[in-house]
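Here are the chains, one letter per residue:
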Amino acid sequence: MNAKKIFKYILIIVLCVLVVYLFVAVRPLNRELSFKPEWTIDIYSSQISLPPEKEPGDGDELIPFRIGNTLGFVTGSGVLVNRQNLAYDGTVGNNLYCLYSQTQIKSDFYGTDGKLSVSIKDSGFPFITDYGIYVFSPGGDSVAAYDFQGNLVWERQSSDVITAFNDSESGTILGYSNGQLTYIDKNGETVFSFIPGGSQ
């Protein structure tokens, strides 16, 4: 057989396999999960409104947000309640927000209405969670926990930098740059602290 006939047979076989594949292997795609927004707003051009007067428990709670250099609160139905532009940085959560700089000596926390709620006289970088307010030192090697009234609950210092942090209703876990993990309960007592051993 010459090369033209071999090429012709190979081409016919490939085309037949392709046609069979198109009819046999084609099946409808499964439905894919997709999200459809209930509402959208432009936080930069929307007018700030007071939250609507509603009965407690109606599900229109305030949702904190931070997008780029802007933070604030929006209701569950899409009404912008508060918007703040950040000059340096800020934190938002649990119906409070705080704008801060690198050189501040105290942190002022404001409510959703923009009125001063609590002031903490501690230099550092504040962070608001659902369970309290934390102020991390500029060096990253210490943290102080405060309640929402601004009272100091506990404070921890270390020679190592804090690299991981998480809190819950029952306490706080701190991870340090040397691998140490420390669990502190909500009263400030150290429940455990350990450094995982390496291979030997």
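Just above sits the structure.
The residue numbers shown here count from 1 along each chain, following its written sequence. Only residues with pLDDT of at least 70 are given local features in this predicted model, and only at 80 or more are side-chain atom pairs given and counted; all residues enter the totals for whole chains, interfaces and linings. No hydrogens and no water enter the side-chain calculation; it runs on all heavy atoms of the structure.

A.B. asks: Give me a nonpolar patch on the surface: which residues, what numbers.
C.D. replies: Patch building starts from residues that exceed 30% relative accessible area and form no salt bridge, then joins like charges within 9 Å and nonpolar side chains (Val, Leu, Ile, Met, Phe, Trp, Tyr) within 5 Å. Note on areas: Shrake-Rupley, 1.4 Å probe, and residue coverage restricted to the protein chains presented here. The working definition used for a salt bridge is a side-chain nitrogen of Lys or Arg within 4 Å of a carboxyl oxygen of Asp or Glu. Together, Phe7, Leu11, Leu15, Leu18, Val19, Val20, Tyr21, Leu22, Phe23, Val24 and Val26 line one region of the surface with nonpolar side chains, adding up to about 1,200 Å² of accessible area. Along the chain, the position of valine 24 falls in helix 1 (residues 3–24). Secondary structure follows DSSP: runs of H or I at least 4 residues long count as helices, runs of E at least 2 residues long count as strands, and numbering of each begins at the N terminus.

A.B. asks: Account for the pairing of strand 1 (residues 62–67), with residues named and values stated.
C.D. replies: Strand pairing is defined by DSSP finding a minimum of two bridges between the two strands. Inspection of the sheet shows strand 1 paired to strand 2 (residues 70–75) by six bridges, in the antiparallel sense. Paired with phenylalanine 65 across the strands is glycine 72, a residue of strand 2. Linking two consecutive strands that pair antiparallel, namely strand 1 and strand 2, is a turn of two residues; a positive phi of about 60° is found at glycine 68 within it.

A.B. asks: Explain the packing of aromatic side chains to me, using residue names and the numbers behind them.
C.D. replies: Between rings of Phe, Tyr and Trp, where Trp is taken as its six-membered ring, a pair exists when centres lie within 6.5 Å; planes separated by under 30 degrees are stacked, by over 60 edge-to-face, and by other angles tilted. What the rule picks out here adds up to nine aromatic pairs. Between phenylalanine 192 and phenylalanine 194 the ring centres are 5.9 Å apart and the planes differ by 35°, which places this aromatic pair in the tilted class. Each residue gets one of three labels from its accessible area relative to the maximum for its type: buried under 20%, exposed over 50%, partly exposed in between, using a 1.4 Å probe on protein chains only. Judged by its relative accessible area of 37%, phenylalanine 192 is partly exposed. Members of the aromatic cluster, joined through ring pairs, are Phe127, Tyr134, Phe136, Trp154 and Phe165.

A.B. asks: I'd like to hear about the sheet that holds strand 12 (residues 162–167), residue by residue, with values.
C.D. replies: What the four strands build is an open sheet, ordered 12-13-14-15; its pairing is antiparallel. The sheet terminates laterally at strand 12 and strand 15 (190–194), the two strands that pair on one side only. In this sheet, neighbouring strand axes are inclined to one another by 10° on average, regardless of whether the strands run parallel or antiparallel. Sheet topology note: the strand 13 (residues 171–176)/strand 14 (residues 181–185) ladder contains five bridges and is antiparallel. Bridged to glycine 171 within strand 14 is aspartate 185. As a rule, the C-alpha atoms of each element are fitted with a line to give its axis, helices using only the stretch in contact, and angles between N-to-C directions run from 0 to 180 degrees.

A.B. asks: Please provide a residue-by-residue account of the pattern of salt bridges, values included.
C.D. replies: Counted under the stated rule, the structure contains two salt bridges. Measuring nitrogen to oxygen at the nearest pair gives 2.8 Å for the salt bridge that ties aspartate 89 to arginine 66. Here aspartate 89, found in strand 4 (residues 89–93), pairs with arginine 66, found in strand 1; they are 23 residues apart in sequence, far enough to count as distant. The class for aspartate 89 is partly exposed, based on a relative accessible area of 21%. Arginine 66 sits in the partly exposed class, given a relative accessible area of 40%. Between aspartate 108 and lysine 106 there is a salt bridge; the shortest N-O distance is 3.4 Å. Under the relative-accessibility criterion, lysine 106 is labelled partly exposed at 37%.

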